[in-house]
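One letter stands for each residue in the lines below.
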Amino acid sequence: MSNSINTSEIIFTNEKMAQALHTAAKKIAPLWPLENFVAVNPYLGLSGHSFESIARQLSFQAGIQTTMPRDYYLKAIQENKLLLEDIEIVLAKNKTIEYDDAPSFIRDLKSKDFEKVKTPKVNTVAEVARKISSANWPDFMLDCISSWASSYFDQAQSQWKKDKHQLSLFSAWKIEAETNRSPSLMGLKGFHQLITELPDNPTEAAKIAIDSLGLDEEALPIYLHSLLLRVGGWSSYIAHFDWDSNRYGREEELVSEFLSILVCWEYGIFNALKNPVLESQWKIAKEEMIKKGFSEGSNSAISDLLILQEAYDLSAQRKLTGKFKVKVQSNQENIKCKVQAVFCIDVRSEVYRRNLESVAPEFETLGFAGFFGFPINFVKVGHDDGYDQCPALIPSGYKVLEKIDDQNQNEKVILRRKLNRAFSFAWKSFKSSAITSFGFVSPVGLSLLPKLFTDSFGITRPVPHPQHNGLSKKEIENLSVDIESRQNGGQITGIPLADRVNMAKGALQAMSLTNNFARMIMIVGHGSTSVNNPHASGLDCGACAGQSGEANAKVASVILNDKEVRRQLAIDNIFIPDTTYFLACLHDTTTDEVSLFNTDLVPDSHQEDLENIKQRIRQAGKSARAERVLRMSMEGDGDIDSFVRSRSNDWSQIRPEWGLAGCSSFVVAPRTITRGLNLEGRSFLHSYNWKDDKGFAVLEAIMTAPMIVTSWINLQYYASTVDNKHFGSGNKTLHNVTSGVGVLEGFAGDLRSGLPMQSIYDGVNYQHEPLRLSVVINAPKEAMIQMLEKHDSVRELCDNRWIFLMAMNDEGEVTDIYDGELKWKKLNVEEGIFERNEKLIEELV
Amino acid sequence: MTTDLFTISVLVSPLLFVVIAILSWFIRGLRPHNLIRVSRISSYLAIIVALISVVIVYQFGLLESQSYDFNNLGFSIRLDSLSVLIFSMINLISFIVMRFSFNYMDGDNRQGVFIGRLAATIASVQLLVLAGNLGMLWIAWVLTSISLHRLLLFYSGRRRSKLAARKKFIAARLSDLFLLGAIVLLYNHFGTGNLQEIFSGLKSSPNALDPSIEIAAALIALAAILKSALFPTHAWLVEVMETPTPVSALLHAGLLNAGPFLVARMSFVMMESTSAPILLIVFGGFTAIFGSIAYMTQSSVKTALGYSSISHMGFSLLLCGFGIYAAAMLHLVAHSFYKAHAFLSSGSFIDVKKASKISLPKRTANPIVLIISIILAFTIFSGLAYLWGVNPIEELSLLVISCIIVMGLSLLIGTAFDSSAGRKLISRVVAMATLVALAFFSLETLMGTILKSQIPAISQPSTAVTILLFFWLIIFGGLVLIQIFAPMLKNKDIWQRWSIHFRNGLYANVLFDRLVGALYVKTSKEESDLIKRYD
């Protein structure tokens, strides 16, 4: 009997093939390049299904874990971070599993084999071939694809390449596959020949490949998605092009083209190695894909882990909601607020804000997305194009140029930067071209000896600061933003007046700051300081798409100080007093220093206020550093300030700061409710006063934008923690920056997405505990339900338990939790809690 | 007697690192504060020892310690300008690499082990350069690769890490065997392992051609070729970023130099041979070209740096083959500092990219402008040569290196001329070009003076060498010209196809992979991660 597959039965049309590729491509979350490393929810294309079913699906298709290993939870029980009572609550809810109580569940748990979770049940052709001959074809295929993709997407490293993207993804790959002899030499006989014979159109080629592999309609979607997950890093990177096209209204789909490439590879392997064993094993593999569907939930190991994770989330929520029960005496009562400071919602702001408020009772702080409602594309002085400085959810609206106010000076700086660039290009060609590099090294190499030492002691930076390159200290201080609307060499820059007014109005309303303006209002963006850190932009402001929030803060304060803007705002009943001054600032999250910009423009009447601010931010910085340093492994009791500062300019430092590690809740409420509470730098804080929100437009905006972004960040940290191999970027000490867009871990393998292990783990403990985001909103419950009804994508997140939504009343107590299907459930923190039975716990774990 | 004490006291430096390696057996794990403290002090002391040794050699010239040997084969320390030069370089780089590892490896649950292995490797390199006897030289030679092997396998569970180490293991053992063969031959011939006695033996009977010396020299050349990862055994070197960055820095800036160092150390032997220089010229020249072209096709920072190191090692050995040892050693030392910095700062790449959002002036690729820039480069160089009082034409071998410098300057000036950037850029580039040429002359002279006693004087090369010299020069020059005109060629199909072949290292690596059964190497659980797994 022949094992060959009768292909005539399952022929796809080109349209069907294109559709199948498209459907699989949509399941891949985007990954941005390192220069603007935006946090993304890696489960983005999958959030239409429940958290639990995706956990099963990912394990089934790619061996991806969605929970921590068992022992992590056992340790959490020991540390009282996971309560047995909560396990029992989850067990009771879960009808498919029958356990009488938590102890018997845990006892049973310990006897199970958990290795299975990591082994995918879906096998690709390459994996089937590995099973047969133990030759590692999957990794070989991955390395070849990765090496080609790094070269195709290379923007900065290699000098010998074509002009950017002259060829489409698929045609470029086809030339590569026809030319590269590695597969043939490695034992895939005639691989390049097989590929040459395929059509040049990606969909047609994929169709022929799929026909040859004999996949039917049921198996195809599973197979295609699994293939993309095998090269998850590059797939995601490519998906960001599609995301951006979409954002700016272009039609383009590169991921499905990339998927065609993967399918053709499989086709090549299948036909190059073709033998009866492979064919029969591949037939079995195809049956497995559909036979053991993930829906049945038979994998009890995953089910058990999911129970533990849910209970872990529950226990953390108890702790969080318990905090709000305690009424803290605010030090602010009866003191007139003199300064308002608007910070980003970022969890790192919480620490600073709390410390600032405690040293300065006359300060009131607010939380708002760190782009302050001004979606700009910011072009640094002398640069040709800029970076979008707004959340990745929305397109940037306006091109804003950086400038130095003195026109002459400005032109000088532009010329100087252009000259520097041209010179460094010539120098680089000399240094790194073939043969001429020998002429470079002999005479110039020795000059790097002193530099090795100065870099080592943090006296110099290994390379100039990209922002400050070619600028003197004085010039850096004088940098401002040019918002004048004008035609500028073929492009329109600046912001027209009407739009300024609209944005100002939108921003003030959204941050619930439409009356009671203080004399000084600080608009505090944030950024970070680290050197030699490929992931540096991941520490910058996420709301500004991985950039420092400096520019947005400057734009916001220039516009809000504008007399004409204020006059027009008054028409809409927003009266900003003449005595109010907006001051642009930047909070350095690494050193907790706050810099104030363009202070020479501050009117004389406000000099005293300015002095006060300067003094307060020094005090607040000191105490914030003292708090943050507890998470660093500081040896002995040295000078904290210099310890923190030295980390920020140390080229060997792999943990300049902890970033957003620990983020687990998002609190939307007036600051008066949360002031004085220690939320441990784990909460995003958004100021919101529902009583001022007519028609709940602001609530809608919060639930559709910041809430999504915070969940992206939270799930990025979550995924990097639970499965660093697939959704994280592994060991930072092995990072090899590739194509100027991402990192490889070591020599080869897939492009790595997500966070390095060092950013979530300190060597002993996880600094990020994998918890799904708890969103606590102080607003009427019905209003929130309305928003869920209106926005399917938001409802999906809540219904499928990617986030937990909770309602807070005006007294600051968390009263209800969203229970799916547009219903609320009452919350009671103490409910079902017994005294901790140490003996039992010791016996169990 | 006092000088003997001085000489032996240099051993403090390797001994300190041996102590660290031993301590690391007891302080293996996470945040080994005490081990770090000891290592910090030791790396400071090592620099001081290096400084002292420089002073001693400056004062006394060549110094040899008492010999501890069996039939003149064994252990002695030799301090001369060559060993002290490389010794100081190693100690400076070790200081930087050690210091870097303290924070970089923080949180790894085997940081102590890492520091220990780093120290062991440093100690073995130090012993290698200080060796005054063939016996010690060979043992240190083997030790460097064994200790390096343990560093390459720091994350020993990683599949690609094992693969690289396996390939390196093969190359290193072959290299050990070749060197052993050479040493046996030399010892047989001279009846001693003492380097000084061998050198003076050679000097006293310069024309006594002996087949065993001929073969020994060829074996030394082959040992160096393998040690420095020349084509086609380079594969492992571009794959060793499977181990933390400081190891790459130490390897590329320190251990790889063992090849050219050995050849320079044994330069008096090499000089007596006709085949050894030819081996070096052929392998070195090809690798120099291959590596520097492959470098341009790589998309990953560290991998590209790997290819760059291969090409510089090839170039250093090529210079050795031409008999211009001073230039070779200058290149070696300069390359070490350059490469150590390049690896340690490889994380800054994104900063560089961010700063380059400024458009470049348009390239015109105008042949006349390019010819002018070549002439200008030549004028600057020969003008300075005249002022400096050197005549490259007379010293034929010096001609090579001079031509290369002129080629480099042509490209530098050409890139600036061939653009609409204006006068400011041109004057800046010309100023830099002059500075580079000046630096070259002064450093070249300096290195020649320092090493004078330890290397043979530049002599008239043999006909074969002369032919090869012109052959490579023409090829090098052609390649530079092609690159100057590259903007016009880069979208041509054939050009692209060749870039694919070069990106794949001309498939030498695939063949090596097949040889070692790369497809069958598996990831294993042990020590593949920086954290203790929960299960």
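Residues numbered from 1 in each chain as written. Chains lettered and ligands numbered in written order. Predicted model: local features only at pLDDT ≥ 70, side-chain atom pairs only at ≥ 80, totals over all residues.

The name given to chain B in an unreviewed UniProt entry is Probable inorganic carbon transporter subunit DabB, and the organism recorded there is Marivirga sericea. According to the UniProt record, the Sequence similarities (unreviewed entry) comment for chain B is "Belongs to the inorganic carbon transporter (TC 9.A.2) DabB family." Of the comments in the UniProt record for chain B, the one headed Function (unreviewed entry) reads "Part of an energy-coupled inorganic carbon pump." (UniProt positions renumbered as here; feature names shortened; annotations may be inferred.)

Identification of chain A as Probable inorganic carbon transporter subunit DabA from Marivirga sericea is taken from an unreviewed UniProt entry. Quoted straight from UniProt, the Subunit (unreviewed entry) entry for chain A says "Forms a complex with DabB."

Peer 1: How would you explain the overall build of chain A if you had to name every residue and give the values?
Peer 2: Assigned secondary structure in chain A consists of 33 helices and 19 strands. For chain A, whose C-alpha radius of gyration is 28 Å, the value lies close to the compact-globule estimate of 28 Å for 845 residues. In terms of principal-axis extent, the alpha carbons of chain A reach across some 95 × 75 × 55 Å. Within chain A, the fraction of its 845 residues that count as buried is 55%. Considering only intrachain contacts with a sequence separation of at least 6, the fraction spanning at least 24 residues in chain A is 73%. (Helix = DSSP H or I, 4+ residues; strand = E, 2+ residues; numbered from the N terminus. Rg over C-alpha atoms; globule rule 2.2 N^0.38 Å. Buried ≥ 20, exposed ≤ 12 C-beta atoms within 10 Å, placed from the backbone. Contact = placed C-beta atoms within 7 Å.)

Peer 1: Quick rundown of the domain arrangement of chain B? Include the residues and the values.
Peer 2: Residues and elements named next belong to chain B. As assigned here, chain B comprises domain 1 (1-132), domain 2 (158-345 + 493-524) and domain 3 (361-489). If you look at the interface, domain 1 gives 26 residues, while domain 2 gives 24 residues. Contributing elements (two or more residues each) for the side of domain 1 that touches domain 2: β3 (73-75), α4 (81-104) and α5 (111-130). Take the side of domain 1 that touches domain 2: its biggest share by element is 11 residues, from α4. Taken together, the residues of the side of domain 1 that touches domain 2 break down into 16 nonpolar, 7 polar and 3 charged. (Domains from an automatic or database assignment. Nonpolar A, V, L, I, M, F, W, Y, C, P; charged D, E, K, R; others polar.)

Peer 1: Which residues make up the packing of helix α14 (residues 275-297) of chain B against helix α15 (residues 301-322) of chain B, and what values do they have?
Peer 2: What describes two packed helices is the angle between their axes and the distance between those same axes. All names here are of chain B. Look at α14 against α15: their axes get within 7 Å of each other, and the N-to-C directions meet at 155°. Judged by the angle between their axes, α14 and α15 are roughly antiparallel. For the pair α14 and α15, the crossing hand works out as left-handed. Note on element contacts: α15 touches α14 through A304, Y307, S308, I310, S311, G314, F315, L317, L318, C320, G321 and F322, opposite P277, L280, I281, F283, G284, G285, T287, A288, G291, S292, A294 and Y295. Here the contact of α14 with α15 is composed, by residue class, of 15 nonpolar, 9 polar and no charged. (Axes fitted to C-alpha atoms, helices over the stretch in contact; angles between N-to-C directions. Parallel < 35°, antiparallel > 145°, perpendicular 65-115°, else oblique. Left-handed = near helix turned anticlockwise from the far one by under 90°.)

Peer 1: I'd like a description of the nonpolar core, backed by residues and values.
Peer 2: Core analysis: the largest hydrophobic core is formed by 450 residues, its most contacted members being I523(A) and I220(B). Counting residues per element, this core draws most heavily on α4(B), which supplies 16 residues. When neighbours within four sequence positions are excluded, I523(A) is seen to be in contact with V342(A), F372(A), A553(A), A556(A), S557(A), F582(A), L583(A), A584(A) and C585(A). Core analysis: the second largest hydrophobic core is formed by 5 residues, V381(A), V413(A), L471(A) and L479(A) among them. (Core = buried A, V, L, I, M, F, W, Y, C linked by C-beta atoms within 7 Å.)

Peer 1: Please give an account of the domain arrangement of chain A that cites residues and values.
Peer 2: All names here are of chain A. As far as domains go, chain A holds domain 1 (10-59 + 122-292), domain 2 (70-113 + 300-326 + 662-845), domain 3 (333-372 + 496-656) and domain 4 (420-475). Summarising the inter-unit geometry, the C-alpha centres of domain 2 and domain 3 are found 28 Å apart. Taken together, the elements giving at least two residues each to the side of domain 2 that touches domain 3 come down to β13 (683-686), α28 (697-704), α29 (706-722) and β14 (735-738). For the side of domain 2 that touches domain 3, the class distribution of residues is 14 nonpolar, 12 polar and 6 charged.

Peer 1: Can you lay out the UniProt feature "binding site: Zn(2+)" (unreviewed entry) in chain A for me, pointing to particular residues and giving the numbers?
Peer 2: Residues and elements named next belong to chain A. UniProt's entry tags C344, D346, H526 and C541 with the feature "binding site: Zn(2+)" (unreviewed entry), counted in the numbering of this structure. Of the residues just listed, which span 198 residues, no C-alpha pair is farther apart than 8.9 Å, and they cluster in one region. The residue C344 is located in strand β1 (residues 339-344) in this model. C344 gets classed as buried once you count the C-beta atoms within 10 Å, which come to 28. Once residues within four sequence positions are removed from consideration, C344 is found in contact with S349, A369, G370, G525, H526, C541, A543 and G549. Secondary-structure assignment places H526 in strand β9 (residues 520-527). With 28 C-beta atoms counted inside 10 Å, the residue H526 sits in the buried group. Once residues lying within four places of it in the same chain are set aside, the contact partners of H526 are C344, D346, S349, G370, C541, G549, L586, H587 and T589.

Peer 1: Account for the sheet that holds strand β5 (residues 398-404) of chain A, naming residues and giving values.
Peer 2: Residue and element names in this part refer to chain A. One open sheet holds the 4 strands; their spatial order is β4-β3-β5-β6, and the pairing between them is mixed. Lying at the two open borders of the sheet, with one neighbouring strand each, are β4 (387-389) and β6 (479-482). Averaged over all adjacent pairs, the angle separating strand axes in this sheet is 35°, with direction ignored. Judged from the 3 bridges that link them, strand β3 (residues 376-379) and β4 form a sheet pairing that is antiparallel. Across the sheet, I376 pairs through a bridge with Q389, a residue of β4. Most of the contacts of helix α23 (residues 550-561) go to β6, to which it runs at about 65°, and overall it touches β3, β4, β5 and β6. (Pairing = 2+ DSSP bridges.)

Peer 1: With reference to specific residues and values, describe the pairing of β1(A).
Peer 2: Residues and elements named next belong to chain A. Judged by how many residues are buried, β1 sits mostly within the fold: 6 of 6 residues are covered. Traced from β1 through helix α17 (residues 347-359) to strand β2 (residues 363-368), the parallel crossover comes out right-handed. Here β1 runs beside β9; their pairing, made up of 4 bridges, is parallel. Of the residues in β9, the one forming a bridge with A341 is M522. (Right-handed = clockwise from strand over helix to strand, strands pointing away.)

Peer 1: Tell me what's going on with the pairing of strand β12 (residues 665-668) of chain A, and back it up with residues and numbers.
Peer 2: Residues and elements named next belong to chain A. Here β12 shows no split at all, with S665 and V667 on one side and F666 and V668 on the other all buried. Alignment of β12 against β13, held across 4 bridges, turns out to be parallel. The partner of S665 across the bridge, within β13, is S683. Bridge count for β12 against strand β16 (residues 773-777) is 4 bridges, and the pairing is parallel. Along β16, the bridge assignment pairs S665 with S774.

Peer 1: Please set out the environment of M68(A) residue by residue, giving values where relevant.
Peer 2: Note that M68(A) resides in the loop between α2 (51-62) and α3 (70-78). Setting aside anything within four residues of it in sequence, one finds M68(A) in contact with Y73(A), V722(A) and P770(A).

Peer 1: Please set out the sheet that holds strand β11 (residues 593-596) of chain A residue by residue, giving values where relevant.
Peer 2: Residues and elements named next belong to chain A. Read across the open sheet, the 5 strands follow the order β2-β1-β9-β10-β11; overall the sheet is mixed. Taken across any chain shown, the strands that pair with only one partner, and hence form the sheet edges, are β2 and β11. Direction aside, neighbouring strands of the sheet carry axes that sit 30° apart on average. Relative to β11, strand β10 (residues 581-588) runs antiparallel, the two sharing 4 bridges. For D588, the partnering residue across the bridge sits in β11 and is E593. With respect to the sheet, α17 is in contact with β1, β2, β9 and β10, its orientation differing from that of β2 by roughly 165°.

Peer 1: Tell me about the interface of chain A and chain B, and please be specific about residues and values.
Peer 2: Often, the extent of an interface is quoted as the loss of accessible area on bringing the components together. Tallying the contact residues gives 100 residues for chain A and 105 residues for chain B. Mapped onto the side of chain A that touches chain B, the elements with two or more residues apiece are α3, α7 (137-152), α8 (169-179), α9 (182-186), α18 (407-432), α19 (436-444), α20 (448-456) and β14 of chain A. The element best represented in the side of chain A that touches chain B is α18(A), accounting for 12 residues. The residue inventory of the side of chain A that touches chain B, partitioned by class, reads 44 nonpolar, 37 polar and 19 charged.

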